[in-house]
Amino acid sequence: MTSERPGSPDPLEPPGSTPSPDPGADTAPYTPPPPEPSPVAPTPPPVAPPPVAPPPALGPAPGGGWATPAVARQEVAPGLVFSDTASRFVAYLIDGLLISILVAILAELFGWGARQVPFADGAGTFDQAIDVSLEYTIASVVVGGLYYIASWSGGRRATLGQRLFGIQVGNAFDGKPLRLDQAVRRWLAFGDFAQVFGIVPAISLAISGLVLLWNVVLLITTATSPTKQGLHDRIANSAVVRPANAGNGLAYGCLAIVVALLVVALVAIVGLIFLGGQVSSILSEVGESI
């Protein structure tokens, strides 16, 4: 029997191995080391939101008056907007003046003078007479109709007065030129053709009043329409546009002149009504003195 000295190595252990201080360490399950904590990225500092502009002030402007906001007109097509009523009205007046000059030239060339037509009063007698030029009236309607229809159809799009303000008349709302039937309907909707009935003395005054009233209706319906389409535009399915950068100074200047002329004419008419007798006597005295 061999005796082992205390502290001698175990003969079963391989040489050079170090005995485990814990007897159960060799048989215990393997426990992996805890994972190392991953590095945490530093949190960026909070970004301040961009400053918000304050709402526009509703009070008086710095200059002392109310600040008028700029109203952007919606474009119908690139660079085109619905034409304003003032420019269209002045263009209509210019066209009417051109037609009147042309008809006056024709009347002078062809000798279309006035003639005496008996006029029936309320009692049924024909003791009054007024001057009516049948040829001049018919010529005014015919020349006006040809002028407007030819200006709007055939791809021309505008009259001479409308061209002065850059106005174009086209189909609503694709912008194509008006067809001949559309141009005819638009002119008929103007109501100028009714002047032909004014050659009848008994209804000439009523016809003139109806034509004037209809023109006012067309003006009001055009001004109040969001698309600036009066009744004549709706009948012809037409729309009127002009450049978005076109100004209104010329139109307002012409309107001011027209209003001034109307005021002068009204004052002259009132003066003749109240001073008619005195004016007649003054003219008689001047005639006798001559």
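Residues numbered from 1 in each chain as written. Predicted model: local features only at pLDDT ≥ 70, side-chain atom pairs only at ≥ 80, totals over all residues. Heavy atoms only, no water.

A.B. asks: Looking at this structure, I do not really get a nonpolar patch on the surface. What am I missing?
C.D. replies: Together, Leu266, Ile269, Val270, Ile273, Phe274 and Leu275 line one region of the surface with nonpolar side chains, adding up to about 630 Å² of accessible area. In this structure, Ile269 sits in helix α7 (residues 249-289). A residue is classified by how much of its surface remains accessible, and Ile269, at 49% relative accessible area, is partly exposed. (Patch = residues over 30% accessible without salt bridge, like charges linked within 9 Å, V, L, I, M, F, W, Y side chains within 5 Å. Areas by Shrake-Rupley, 256 points an atom, 1.4 Å probe, with all protein chains shown as cover. Salt bridge = Lys/Arg side-chain N within 4 Å of Asp/Glu carboxyl O. Helix = DSSP H or I, 4+ residues; strand = E, 2+ residues; numbered from the N terminus. Buried < 20%, exposed > 50% of the residue type's maximum accessible area, 1.4 Å probe, protein only.)

A.B. asks: When you look at the packing of aromatic side chains in this model, what are you seeing that I'm missing?
C.D. replies: The relation between two aromatic rings is expressed through the spacing of the ring centres and the mutual angle of the planes. With the rule as written, the count across this model stands at six aromatic pairs. When the ring of Phe82 is compared with that of Phe173, the centres are 6.1 Å apart and the planes differ by 80°; the resulting orientation is edge-to-face. Taken together, the residues span a long stretch of sequence, with Phe82 in strand β1 (residues 80-82) and Phe173 in the loop between β4 (168-171) and α4 (180-190) at a distance of 91 residues. For the ring pair Tyr147 and Tyr148, a centre distance of 5.4 Å and an interplane angle of 75° mean the geometry is edge-to-face. (Phe/Tyr/Trp six-rings, centres within 6.5 Å; stacked < 30°, edge-to-face > 60°.)

A.B. asks: How do you make sense of the nonpolar core when you look at a structure like this?
C.D. replies: By size, the foremost hydrophobic cluster in this structure holds 22 residues, and its most contacted members are Ile99, Tyr148, Trp152, Phe165 and Trp187. Secondary structure elements with two or more residues in this core: α1 (85-110), α2 (134-152) and α4. Counting residues per element, this core draws most heavily on α2, which supplies seven residues. Not counting the four nearest positions on each side in its chain, Ile99 is found in contact with Ser140, Val143, Gly144, Tyr147 and Tyr148. (Core = buried A, V, L, I, M, F, W, Y, C linked by side-chain atoms within 4.5 Å. Contact = heavy atoms within 4.5 Å.)

A.B. asks: Can you walk me through the packing of α1 against helix α5 (residues 204-224) in this structure?
C.D. replies: Packed helices, taken two at a time, are described by the angle their axes make and the gap between the axes. At a minimum axis distance of 10 Å, the contact between α1 and α5 shows a crossing angle of 150°. Viewed along their axes, α1 and α5 adopt a mutual orientation that is roughly antiparallel. As for the relative orientation of α1 and α5, their crossing is right-handed in sense. For the pair α1 and α5, contact is made by Thr85, Arg88, Phe89 and Tyr92 and by Asn215, Leu219, Thr222 and Ala223, respectively. Partitioned by chemical class, the residues of the contact of α1 with α5 number four nonpolar, three polar and one charged. (Axes fitted to C-alpha atoms, helices over the stretch in contact; angles between N-to-C directions. Parallel < 35°, antiparallel > 145°, perpendicular 65-115°, else oblique. Left-handed = near helix turned anticlockwise from the far one by under 90°. Nonpolar A, V, L, I, M, F, W, Y, C, P; charged D, E, K, R; others polar.)

A.B. asks: Explanation requested: α1 in the structure shown.
C.D. replies: Within an α-helix, residues lying three or four positions from one another point in the same direction, as the helix has 3.6 residues per turn. Taking 1.5 Å as the rise per residue, α1 with 26 residues should run 38 Å; its terminal C-alpha atoms sit 37 Å apart, in good agreement. Looking at α1, one finds that the buried residues are Thr85, Ala86, Ser87, Arg88, Val90, Ala91, Asp95, Ile99, Val103 and Ala107. Positive phi appears at Gly111, one or two residues downstream of α1, with a value of about 70°. (Expected span 1.5 Å × (residues − 1).)

A.B. asks: Please explain the sheet that holds strand β5 (residues 238-243) as it appears in this structure.
C.D. replies: Through backbone hydrogen bonds, the strands of a sheet pair up, either in parallel or in antiparallel fashion. Pairing is antiparallel in the open sheet, where three strands are placed in the order β1-β5-β4. Here the strands that pair on one side only, and so sit at the sheet edges, are β1 and β4. Going from strand to strand, the sheet's axes swing by 45° on average, the running direction of each strand aside. Sheet topology note: the β1/β5 ladder contains three bridges and is antiparallel. Note that in β5 the partner of Val81 across the bridge is Arg242. (Pairing = 2+ DSSP bridges.)

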